[in-house]
There are 2 protein chains.
Amino acid sequence: MSQHPMNGPAIVSTEEPSANGGCVIGVDIGGSNLRLALADMSGKVLARKATSTRGIREAHRILSLIREGVEELLLKTALPSSALRGIGAGAPGVTDVNSGVVIATSYLMGWRNVPLRDLLEETFRVPAAIDNDVNAAALGESWTGAASGNSDFVFLAIGTGVGAGIILNGLPFQGKSWSAGEIGYMLVPGLSSNRPERDKPGPLEDLIGGEGIQNQWKKQWSSEKTTLPSELTATQIFDHAISGDALAAAILQKTADVLAAAIHNISLVLNTPLFVLGGTVGMHPALRDATLAVLASWNYRSIPRLEFSSLGSDAQIVGAIRMALDAAHSPRAAALFQNK
Amino acid sequence: MSQHPMNGPAIVSTEEPSANGGCVIGVDIGGSNLRLALADMSGKVLARKATSTRGIREAHRILSLIREGVEELLLKTALPSSALRGIGAGAPGVTDVNSGVVIATSYLMGWRNVPLRDLLEETFRVPAAIDNDVNAAALGESWTGAASGNSDFVFLAIGTGVGAGIILNGLPFQGKSWSAGEIGYMLVPGLSSNRPERDKPGPLEDLIGGEGIQNQWKKQWSSEKTTLPSELTATQIFDHAISGDALAAAILQKTADVLAAAIHNISLVLNTPLFVLGGTVGMHPALRDATLAVLASWNYRSIPRLEFSSLGSDAQIVGAIRMALDAAHSPRAAALFQNK
């Protein structure tokens, strides 16, 4: 597990950028985009790069994209490759942090037991660290984001899928077999299915993930119920809920009921007072307001605080930078690359 | 948090009992019984005592009972009071382990902010340690019980109430405000109420706790449905389910469906591969078999193992002995009681 102070330096600074002391790379490997950032040793981002990964799935091709991106970032910042001190990456799947292996990603990516850390270290000859993307985002929020200063919280990513990154006592908690927080399969009242099955979307994700919400809309849509089109995104549906569309409001309410139950269940188990909401669906204000209203209506002892991610789509890459800095300062670093 | 080896000494031994090196006391404070055990410094129990607490609620009266019990145990083992090295107690409520305060017990006991550790230390002039009773039981199972050798597991106590004691990385995990594992309020499909409310039994407990199961039976009972009486205990109902009573079987199935969902949800959050079942309801073989069948029917990636508590009703007191031993060996011990 990464050791890190809870209050790290801000990544946006007015100081003159400089990487005389070296630099690190943060990588966010996503299903549709690969994002890279080069930061100095205080974590300040000096340059960024994003590239599409649509249609690109194989680990070696992703690795080539990362190498090209890093070269571009070094050129852009006029830094020699010898300035590179570490690299951190968030991967979209169950990740063994100790051995540096991506055990499994979703069917979209199809990775099985990819030794991503070793591949990164062989490619760049610097120490690397990897973690699951949601855990990386949680780490980012705990370092410089919405959870800065909070030792115990849960980062909830609600986009196409639904997942949780857990921070306990200031450190990422990944679980015995690296899948803690896989809450897309959670069972709460009001789901369409009460059977979690492998190789299918989880019942919770299937209802309150972005696609799930779109599907609810499509299923319930009729020209009598609404004047809106039958194809809308989750965030469009929530926008229309605020504007007064009754069908959209019903779907928002249903989503909030189910999300409130999931948050409540997680907070019972972990006793975490703070939830940071991320992802395009999770960051919609209408969803947070409606979910808080459900939680408040129960008159239960303790209501968790729900805060929006302050790093937004940067949360993962900021966490990856933190991991890269930790890797650069780790005892492994000196041992591994003496000959560099 | 207590530091303890995962494989402690067995508490039952054929060796000659001896407490030349000192002794400790483990206390299990329950709603109907107070149980005490005197153990030597290897954790071997040398004498026991149980006494009723029916009608006795005030902390000072419980403390008097503990003092009388300890005196009796010392007499019984022919040990001087100077042999006493530490005392550990499991309390039936939310317990701040660091400050040694029982923050709140259920309405049955009515304690609020009772500084139990200080009271025990003032009474006995030895270092004391306290924790929630279910956490104490989990600690007992991890030390010498069914979870011995497992660094990550959940102890599920299902008796009158429902609660979980969580062990992560070999240590009790109590949560930010000492209420991790309060799963009686969890929301899963199939409950009678989907609203967790303070000062009411939790929705999960209300269905699958001992009283909840009795109430299900009473509500659904009619002379057409069964030849059995309308008043049965939870374990009697499960016994009759095995013997072929259809109504009893339906209630067993419902309980198993709900328990399976709760176990599944906890294991998603914590990624714990093992659940140890305790409490009179939790240890009924029919419930475990039915719950395992539900979990297996889902075809989900990973099915948690369900093991019965091997310490049974001793789990809490064994955990309390472990806490007493840890307290006796803690740095606080020397500092606190130099003048003894």
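What counts as what
Residues numbered from 1 in each chain as written. Chains lettered and ligands numbered in written order. Predicted model: local features only at pLDDT ≥ 70, side-chain atom pairs only at ≥ 80, totals over all residues. Heavy atoms only, no water. Helix = DSSP H or I, 4+ residues; strand = E, 2+ residues; numbered from the N terminus. Buried < 20%, exposed > 50% of the residue type's maximum accessible area, 1.4 Å probe, protein only. Areas by Shrake-Rupley, 256 points an atom, 1.4 Å probe, with all protein chains shown as cover. Lys, Arg positive; Asp, Glu negative; His and termini not counted. Charge placed at Lys NZ, Arg CZ, Asp CG, Glu CD. Domains from an automatic or database assignment. Contact = heavy atoms within 4.5 Å. Buried area = accessible area lost by both parts, 1.4 Å probe. Salt bridge = Lys/Arg side-chain N within 4 Å of Asp/Glu carboxyl O. Polar contact = N/O pair within 3.5 Å; in protein donor to acceptor, adjacent residues only side chain to side chain. Least-squares fit on C-alpha atoms with pLDDT ≥ 70 in both. pLDDT = per-residue confidence, 0-100. Pairing = 2+ DSSP bridges. Axes fitted to C-alpha atoms, helices over the stretch in contact; angles between N-to-C directions.

## Let's talk about the overall build of chain A
Assigned secondary structure in chain A consists of ten helices and 13 strands. Looking at chain A as a whole, 58% of its 340 residues are labelled buried. Summed over its atoms, the accessible surface of chain A is roughly 13,600 Å², and 50% of this surface lies on carbon and sulfur atoms. Charge-centre separation for chain A: the mean point of 27 positive side chains lies 3 Å from the mean point of 31 negative side chains.

## With respect to the domain arrangement of chain A
In many reports, interface size means the accessible area that the parts give up when they come together. Residue and element names in this part refer to chain A. In terms of domain boundaries, chain A breaks down into domain 1 (23-139 + 314-338) and domain 2 (149-309). Tallying the contact residues gives twelve residues for domain 1 and 14 residues for domain 2. Approximately 1,000 Å² of surface area, both sides summed, lies buried where domain 1 meets domain 2, with 67% of it carried by carbon and sulfur atoms. Counting across the interface, domain 1 meets domain 2 through zero salt bridges. Where domain 1 touches domain 2, the interface holds two residue pairs in polar contact (both at pLDDT 80 or more). Elements with a minimum of two residues in the side of domain 1 that touches domain 2: β5 (93-96) and α3 (133-144).

## Structural notes on the relation of the copies chain A and chain B
The transform that puts chain A on chain B rotates by 180° and translates by 0.0 Å along the axis, for an RMSD of 0.0 Å. Here the two chains are linked by the operation of a two-fold rotation axis. Most of the interface of chain A is mirrored in chain B, where 100% of its interface residues are also at the interface.

## Some remarks on the interface of chain A and chain B
Listed by partner, the interface residues are 41 residues for chain A and 41 residues for chain B. Counting the surface lost from both chain A and chain B, the interface buries some 3,600 Å², and carbon and sulfur atoms represent 55% of this. Contact with chain B buries area across many residues of chain A, yet A:Arg198, A:Val269 and A:Asn271 alone supply 19% of it, more than any other trio. If you look at where chain A meets chain B, you find four salt bridges.

## Describing the confidence of the model for chain A
Residue and element names in this part refer to chain A. Overall, the prediction assigns chain A a mean pLDDT of 92, with 93% of residues at 70 or greater. Contacts from residues 1-16, a stretch scored under 50 in pLDDT, to residues over four places away or in other chains number 43 contacts. In the predicted complex, the global pTM is 0.92; the interface-specific ipTM is 0.92.

## With respect to the environment of B:Asn20
Among the structural elements, B:Asn20 can be located in the segment before β1 (23-29). Here the alpha-carbon distance between B:Asn20 and B:Met41, two residues 21 residues apart in the chain, equals 9.0 Å.

## Digging into unusual backbone geometry
Even without glycine at this site, A:Asn169 takes up a positive phi of about 50°. When you line up the elements, A:Asn169 lands in the loop between β10 (162-168) and β11 (171-173). Positive phi, close to 55°, is recorded for B:Asn271, a residue that is not glycine. Positionally, B:Asn271 belongs in the loop between α7 (246-270) and β12 (274-278).

## Re the sheet that holds strand β6 (residues 101-105) of chain B
Residues and elements named next belong to chain B. Overall, antiparallel pairing links the three strands, which are arranged β5-β6-β7 in an open sheet. Either end of the sheet is taken by a strand with one partner, and the two such strands are β5 (93-96) and β7 (112-114). With direction set aside, neighbouring strand axes in the sheet form an average angle of 25°. Looking at chain direction, β6 and β7 are connected through two bridges and run antiparallel. Across the sheet, the residue bridging to alanine 104 is arginine 112, located in β7.

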